[in-house]
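Listed here are the chains, written in short residue letters.
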Amino acid sequence: MNITNLFRSSVGKKFIMAITGMALFLFVVLHLLGNLQIFLGPEAINRYGAFLQGNLELIWPARIGLLIIVGLHIWSAIKLAVENRAARPQPYAQQEIVAASYASRTMVWSGFIIAAFIIYHLLHFTVQVPAVNLTGKNFTTLEDAKNQHDVFRMMVIGFQSRVVTLFYIFAMWLLFLHLSHGVSAMFQSLGWKSPGYGSLIARFAVVASWLIFVGYISIPIAVQLGYGSSYVNSFNVNALQEVVK
Amino acid sequence: MNFTLRVWRQKDANDTGAMVEYAAKDIIADMSFLEMLDVVNEGLIAKGEEPIAFDSDCREGICGTCSLVINGIAHGGQRGTTACQLHMRHFEDGQTITIEPWRARAFPVLKDLVTDRGAFDRIVQAGGFISVNTGGTPDANAIPVGKVESDKAMDAAACIGCGACVAACKNASAMLFVAAKVSHLNLLPQGKVEKDKRVTSMVTQMDAEGFGNCTVTGSCEAVCPKEISLNFIARMNRDYGVALLKAST
Ligand code: HEM
Ligand code: FES
């Protein structure tokens, strides 16, 4: 046995899945905490945005690390799923689902749709490709009073599109499903579990997934309910006044 | 009681096989599922037809030989019960009952409902034993075993190796079986000595046999006639992780 068993064996690939899954879970939590600063107002979130963009030597290693982690997660997901399909070439004529939850049976599908969402999300708010935001606005040129990139205005305008909001909520629902099973599976895969606190882990997985879901969707929903529109409109008024002058 | 059976018939390993319908007439409610099949087979033999081949041995739920997927559930869905201990009174008169063999690449069908479960034997041969020098019979209790550990080891040792876990798993994974066999020995002082080697060899053999991978759905635990807990898979993963770390450092 040597380290290559990590990539070759069934249990080894589950370790990769679980460790990368845990890293992604932690990222999802930190990212949520960062985003929730939108509720502290434009100044807070714009400063946070400027802080991230101003520390390229931090943000690029983090991005490259995340890319490798996502890559390994998807690689092991596909590899394991292909082996699983091959393990039962002849299906049952009749098969009942026993004990297996919906989330546990659809991990690959929730995973793939989340991957598609991640690509869209990066084009939407990171690369800021105007064509995908469905508002006809260019996010790259938005600036606040301090001439920083106006992240607050970008998020508010972004989520004023109902279609975009619905897609985000749908993707977050799948993330909820993925994590409600994934977080407890992760403890199981790594063997960090004993009969005593097994049920506690399952409960933690569901509660954490709910909090993540509610936390993320609170932003587009708040915007749909009018949050931040006065701030955005104040720029439109300014612009109008410029035109009038 | 009367039933309509839909049974998987397959001449041999190379035949494609198909579901065939049979009538099971005048079945006594207290017959076991296998006795019901015996009655049907007697009828087939009387008519000069080939009887339905199925595996059985002890018929008292301890050998793990019987292996039927009944109405889509391995061993028929009564908790903690093998097919041989399942009684016809749990079915409704007039019901249609579907009967299939275990389905997994690692368990090829030999005939009708009989599969080759040699893969399990090869996994046990790979590490499901302890190495001892032969000689005089050792004294009883020469090696003390804690009560908690011995209870846990006994829970794992309850596995009868029927393969229902594989049959029920959507991935045809054998991890519950292997975890039970690994844990039962790894928990005891006699087995601890070869702990790392055992878990490595048995997992390697399991992979080589072409079983799928665990996705923690819990189906295996739910159909297991000996109610082996999913926690043993966590334990096996931990043992494997420790062995991997030791080997790589
Ligand atoms: C934000 C992104 C994601 C997070 C936070 C995440 C998290 C997790 C976690 C914690 C696990 C449990 C690990 C284990 O099985 O032990 C997991 C499993 C899994 N993930 Fe992800 N994941 C993400 C994205 C993806 C993507 C893009 C795919 C694409 C295919 C995917 C596919 C899977 C699969 C197939 C499993 C195995 C399920 C199982 O064992 O039942 N995940 N994920
Ligand atoms: S025949 Fe022995 S367990 Fe069923």
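Residues numbered from 1 in each chain as written. Chains lettered and ligands numbered in written order. Predicted model: local features only at pLDDT ≥ 70, side-chain atom pairs only at ≥ 80, totals over all residues. Heavy atoms only, no water.

### Topic: the site of ligand 1
Around ligand 1 sit 24 residues in total, of which Lys14, His73, His178, Gly182 and Ser189 of chain A are the nearest. Proximal residues around ligand 1 fall on chains A and B, making this an inter-chain site. Lysine 14 of chain A places a polar side-chain atom, nitrogen or oxygen, 2.5 Å from an oxygen atom of ligand 1. Taken together, the elements giving at least two residues each to the shell around ligand 1 come down to helix H2 (10-35), helix H4 (56-86), helix H6 (107-126) and helix H8 (162-190) of chain A. The element contributing the most residues to the shell around ligand 1 is H8 of chain A, with eight residues. Across the shell around ligand 1, the residue classes break down as 15 nonpolar, eight polar and one charged. (Near = heavy atom within 4 Å. Polar contact = N/O pair within 3.5 Å; in protein donor to acceptor, adjacent residues only side chain to side chain. Helix = DSSP H or I, 4+ residues; strand = E, 2+ residues; numbered from the N terminus. Nonpolar A, V, L, I, M, F, W, Y, C, P; charged D, E, K, R; others polar.)

### Concerning the domain arrangement of chain B
Residues and elements named next belong to chain B. Domains assigned within chain B are domain 1 (3-110) and domain 2 (118-248). One C-alpha centre belongs to domain 1, the other to domain 2; they are set 29 Å apart. If you look at the interface, domain 1 gives 19 residues, while domain 2 gives 20 residues. Summing both partners gives a buried area of about 1,400 Å² for domain 1 against domain 2, and 61% of it is carried by carbon and sulfur. Remark: the boundary between domain 1 and domain 2 carries one salt bridge. (Domains from an automatic or database assignment. Contact = heavy atoms within 4.5 Å. Buried area = accessible area lost by both parts, 1.4 Å probe. Salt bridge = Lys/Arg side-chain N within 4 Å of Asp/Glu carboxyl O.)

### A word on the pairing of strand S1 (residues 3-9) of chain B
Residue and element names in this part refer to chain B. Burial runs high along S1: five of the seven residues are buried. Bridge count between S1 and strand S2 (residues 18-24): seven bridges; the pairing is antiparallel. Bridge assignment links valine 7 to a residue of S2, and that residue is valine 20. (Buried < 20%, exposed > 50% of the residue type's maximum accessible area, 1.4 Å probe, protein only. Pairing = 2+ DSSP bridges.)

### Notes on the nonpolar core
Judged by nonpolar contacts, the single largest core of 105 residues is most densely connected at Val166, Val178, Phe211 and Met236 of chain B. The element best represented in this core is H8 of chain A, accounting for 14 residues. The residues that make up this core include at least three from each of domain 1 (3-110) and domain 2 (118-248) of chain B. In this structure, Trp8, Tyr22, Ala83 and Leu113 of chain B belong to the second largest nonpolar core, which totals 27 residues. (Core = buried A, V, L, I, M, F, W, Y, C linked by side-chain atoms within 4.5 Å.)

### A few points about the interface of chain B and chain A
Bring the parts together and some accessible area is lost; that lost area is often taken as the interface size. At the interface, 52 residues of chain B touch 40 residues of chain A. When chain B packs against chain A, the two sides together hide about 3,600 Å² of surface, and 56% of this comes from carbon and sulfur. Its largest share of buried area at the contact with chain A, chain B owes to Arg103, Asn213 and Leu244 of chain B, together 16% of the area lost on that side. Inspection of the chain B/chain A interface yields zero salt bridges. Linking chain B to chain A there are 26 residue pairs in polar contact (both at pLDDT 80 or more). No other element matches helix H9 (residues 231-248) of chain B, which puts 12 residues into the side of chain B that touches chain A.

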